[in-house]
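Each chain, written out:
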Amino acid sequence: MPTSSCTTTPHTQEKHTVDDKAADRTDEPNHMAGPWWTDLGTWGAVALIALGAVATAWVFLRLPGTPQEPALGYHGAAKLIAIGLVTVGCTLMSRRRGRPAASEKTSSGRRRRRVS
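Attention here is on the structure that accompanies the text. Note that the structure is predicted; figures quoted are calculated from it, not measured.

## Digging into the overall build of the protein
The helix and strand inventory of the protein stands at 3 helices and 0 strands. Counting from the amino terminus, the protein carries its helices and strands in the arrangement α-α-α. For the protein, the proportion of its 116 residues judged to be buried stands at 12%. The contacts in the protein between residues at least 6 apart in sequence include a share of 51% that link residues at least 24 apart. Put simply, the protein shows about 10700 Å² of open surface, and 58% of that area lies on carbon and sulfur atoms.

## Some thoughts on unusual backbone geometry
Both trends apply: most residues other than glycine have a negative phi, and most peptide bonds are in trans. Here Arg-62, not a glycine, exhibits a phi torsion of approximately 55 degrees, which is positive. Note that Arg-62 resides in the loop between helix H2 (41-60) and helix H3 (70-98).

## Here we look at the side chain of Thr-87
Inspection of the secondary structure assignment puts Thr-87 in helix H3. Ignoring any residue separated from it by four or fewer positions in sequence, one finds Thr-87 in contact with Trp-37, Leu-40, Gly-41 and Ala-45.

## Topic: H3
It helps to recall that an α-helix has 3.6 residues per turn; residues three or four apart then point in one direction. An ideal rise of 1.5 Å per residue puts 42 Å on 29 residues; H3 measures up with 42 Å between its terminal C-alpha atoms. Along H3, the positions that sit buried rather than exposed are Pro-70, Gly-73, Ala-77, Ile-83, Gly-84, Thr-87, Val-88 and Thr-91. Buried residues along H3 sit against H2.

## Side note on H2
Over its 20 residues, H2 extends 29 Å from the first C-alpha to the last, a length consistent with the 28 Å expected when each residue adds 1.5 Å. Listing the buried residues of H2 in full gives Thr-42, Ala-45, Leu-48, Gly-52 and Val-59. For H2, the arc enclosing every buried residue in end-on projection is 120 degrees, short of the 170-degree limit, so these residues lie on one face. Structurally, H2 contributes buried residues whose contacts are with H3. Within two residues after H2, Arg-62 carries a phi angle of roughly 55 degrees, on the positive side.

## Structural notes on the packing of H2 against H3
It is the contact of H2 with H3, at a shortest axis distance of 8 Å, that shows an interaxial angle of 160 degrees. Between H2 and H3, the interaxial angle falls into the category roughly antiparallel. For the pair H2 and H3, the sense of crossing is left-handed.

## Looking at the environment of Ile-83
Positionally, Ile-83 belongs in helix H3. Between the C-alpha atoms of Ile-83 and Leu-48, which are 35 residues apart in sequence, the distance is 7.8 Å.

## Some words on the environment of Ala-82
Take Ala-82: it is sitting in helix H3. On the basis of relative accessible area, Ala-82 is assigned to the partly exposed category, the value being 39%. Through-space distance from the C-alpha of Ala-82 to that of Gly-52 is 8.7 Å; in sequence the pair is 30 residues apart.

The rules we used
Residues numbered from 1 in each chain as written. Predicted model: local features only at pLDDT ≥ 70, side-chain atom pairs only at ≥ 80, totals over all residues. Heavy atoms only, no water. Helix = DSSP H or I, 4+ residues; strand = E, 2+ residues; numbered from the N terminus. Buried < 20%, exposed > 50% of the residue type's maximum accessible area, 1.4 Å probe, protein only. Contact = heavy atoms within 4.5 Å. Areas by Shrake-Rupley, 256 points an atom, 1.4 Å probe, with all protein chains shown as cover. Expected span 1.5 Å × (residues − 1). Arc of directions from axis to C-beta. Axes fitted to C-alpha atoms, helices over the stretch in contact; angles between N-to-C directions. Parallel < 35°, antiparallel > 145°, perpendicular 65-115°, else oblique. Left-handed = near helix turned anticlockwise from the far one by under 90°.

Shown next, in the form of structure tokens:
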């Protein structure tokens, strides 16, 4: 009978105490952690956008460390800026969804007026 290169190990039943750090971890073999930018938050995303702008200026001024082909430097800077913009947008949209709409009733029962 041929053997396969992929082997599985049986899972053992062990009692673990749950703490804050262990709650996010998993011992599953197929569990993949999220991308590196998922936990940036608003200010981390703003910093990422600023880093992309600095990288763009670095390539434009041809400072030391600039790639031979400027398109590669611009491409990397554009990726940083794009990830930052998407993260800021998602963070701000999730905050907006979390707040009650301005047209909803307040606790006093009156409707609030939208101010534009």
